[in-house]
Amino acid sequence: MSLLNLNTPLDTLALSSPFEGLLVVRLNRPQVANSISTTMGRELIAVFDAIEAAPEAYRCVVLTGAGDRVFCAGADLKERDGMTDAQFDTQHYLFERMIRAIYDCPVPLIASVNGAAIAGGLELALACDFIVAADHARFGFSEVSRGIMPGGGGTQQLPRAIGVRRAKELIFTGETFGAQEALACGLVNHVHPRDALEQETFKLVQRILANAPVAVRQAKKAVTFGMQMDLRTGMYFEIEAYSRLIPTDDRQEGIRAFNEKRAPRFVGR
């Protein structure tokens, strides 16, 4: 799949680039609450594998859903109805690969949650760097009411985002909660009226795009992997990421622009 060709036909996703540097990946199954099917899992893997292979193609990615009611309601349970254990296991392994592909996105990835993000839908959002939500959005892990548990990183990501005790309560009860509560507990960064969500998300993207792309990618790497290390090891890892920036043209351009009192013109190398 070539990300340079946004006309590549996809069954469950819609790709667009509203302006240079941004790729919007839209879950496009509104008739079934943008639920995750086997096909969607394969297409998300293909898209994010392509981004990882060519991180210079886009400098920021937004993951959102079609419509203004649901971001993603989780796995397509109608597709799962009647699956054998072996078929279920095979599909779930595909979904595990999907989450890893999204989590490994090398450029900033923002979840623009345009409605309910439930079960696997919340796990998709948690795999992103941070979340911007519409004021009517709702969040929750409903898996225990279906005889399963979060299996796409939810039990690992939610405690890291909001704390262990609150996360345990939400996972054990399967309760949903609103955007303002998600903001208060640190799950989401910003909440906007539904009609302003896209515009406000794009404003945030523009602020990211104003900065040096390699520097942003290296900073993301330092934060993501550093949080999985002890502090001292993380500080050493940070310096390794920092050192990659010293020979770049963008580092020199940043210094020149500061001294010449002008906006920098970064080229990504």
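Scroll up for the structure.
All values derive from a computational prediction rather than experimental measurement. (Residues numbered from 1 in each chain as written. Predicted model: local features only at pLDDT ≥ 70, side-chain atom pairs only at ≥ 80, totals over all residues. Heavy atoms only, no water.)

Among the residues of helix 11 (residues 249–259), those classed as buried are Asp250, Glu253 and Ala257. End-on, the buried residues of helix 11 take up no more than an arc of 55°, which puts them together on one face. Turned more than 90 degrees away from the buried face of helix 11 sit Phe258 and Asn259, all of them exposed. Of the residues one or two after helix 11, Lys261 is the one with positive phi, at around 55°. (Buried < 20%, exposed > 50% of the residue type's maximum accessible area, 1.4 Å probe, protein only. Helix = DSSP H or I, 4+ residues; strand = E, 2+ residues; numbered from the N terminus. Arc of directions from axis to C-beta.)

Quick look at the sheet that holds strand 3 (residues 60–65) now. Pairing is mixed in the open sheet, where 6 strands are placed in the order 1-2-3-5-7-10. The open sheet has two free edges, formed respectively by strand 1 (13–16) and strand 10 (190–192), since each of these has just one partner strand. On average, adjacent strands in this sheet sit at an angle of 20° to one another, irrespective of strand direction. One ladder, built from 4 bridges, connects strand 3 with strand 5 (residues 109–113); its direction is parallel. (Pairing = 2+ DSSP bridges. Axes fitted to C-alpha atoms, helices over the stretch in contact; angles between N-to-C directions.)

A few words now on the pairing of strand 5. Buried residues dominate strand 5, accounting for 5 of its 5 residues. On strand 5, burial covers both faces: Leu109, Ala111 and Val113 on one face and Ile110 and Ser112 on the other are all buried. Bridge analysis of strand 5 against strand 7 (residues 130–134) gives 4 bridges, and the strand direction is parallel. Bridged to Ile110 within strand 7 is Phe130.

A word on the packing of helix 5 (residues 154–162) against helix 6 (residues 164–173). Where helix 5 contacts helix 6, the axes come no closer than 7 Å and their chain directions differ by 135°. Between helix 5 and helix 6, the angle is such that the two are oblique. As for how helix 5 packs across helix 6, the hand of that crossing is right-handed. Every residue of helix 6 that contacts helix 5 at Gly154, Thr155, Leu158, Pro159 and Ile162 is listed here: Val164, Arg166, Ala167, Leu170 and Ile171. When its residues are assigned to classes, the contact of helix 5 with helix 6 shows 7 nonpolar, 2 polar and 1 charged. (Parallel < 35°, antiparallel > 145°, perpendicular 65-115°, else oblique. Left-handed = near helix turned anticlockwise from the far one by under 90°. Contact = heavy atoms within 4.5 Å. Nonpolar A, V, L, I, M, F, W, Y, C, P; charged D, E, K, R; others polar.)

Moving on to the nonpolar core. Counting 53 residues, the largest nonpolar core has Val25, Leu44, Phe48, Val113, Leu124, Phe139 and Leu187 as the members making the most contacts within it. When sequence neighbours within four positions are dropped, the list of residues in contact with Val113 reads Phe71, Ala125, Ile131, Val132, Ala133, Ala134, Ala137, Phe139 and Leu197. Ranked by size, the runner-up nonpolar core spans 15 residues in total, among them Leu22, Val24, Phe202 and Leu204. (Core = buried A, V, L, I, M, F, W, Y, C linked by side-chain atoms within 4.5 Å.)

A few words on the packing of aromatic side chains. On inspection of all chains with the given rule, the structure shows 3 aromatic pairs. Relative to Phe202, the ring of Phe19 lies with its centre 5.6 Å away and its plane at 90°, an arrangement referred to as edge-to-face. With Phe19 in the loop between strand 1 and strand 2 (22–27) and Phe202 in helix 8 (residues 197–209), this residue pair connects regions lying 183 residues apart in the sequence. With respect to class, Phe19 is no different from Phe202; both count as buried. (Phe/Tyr/Trp six-rings, centres within 6.5 Å; stacked < 30°, edge-to-face > 60°.)

Let us look at the side chain of Asp250. Along the chain, Asp250 turns up in helix 11. For the buried Asp250, no salt bridge exists, and the shortest N-O distance to an oppositely charged side chain is 7.2 Å, to Arg269. (Lys, Arg positive; Asp, Glu negative; His and termini not counted. Salt bridge = Lys/Arg side-chain N within 4 Å of Asp/Glu carboxyl O.)

Another point: the pattern of salt bridges. For side chains of opposite charge, pairing can occur when their charged atoms come near one another. Enumeration over the complete set of coordinates arrives at 11 salt bridges. Its salt-bridge partner being Arg256, residue Glu253 comes within 3.1 Å of it at the nearest N-O pair. Of this pair, Glu253 and Arg256 are both found in helix 11, 3 residues apart, which corresponds to roughly one turn of the helix. Each member of the salt-bridge network shares a partner with another, and the members are Glu253, Arg256, Glu260 and Arg262.

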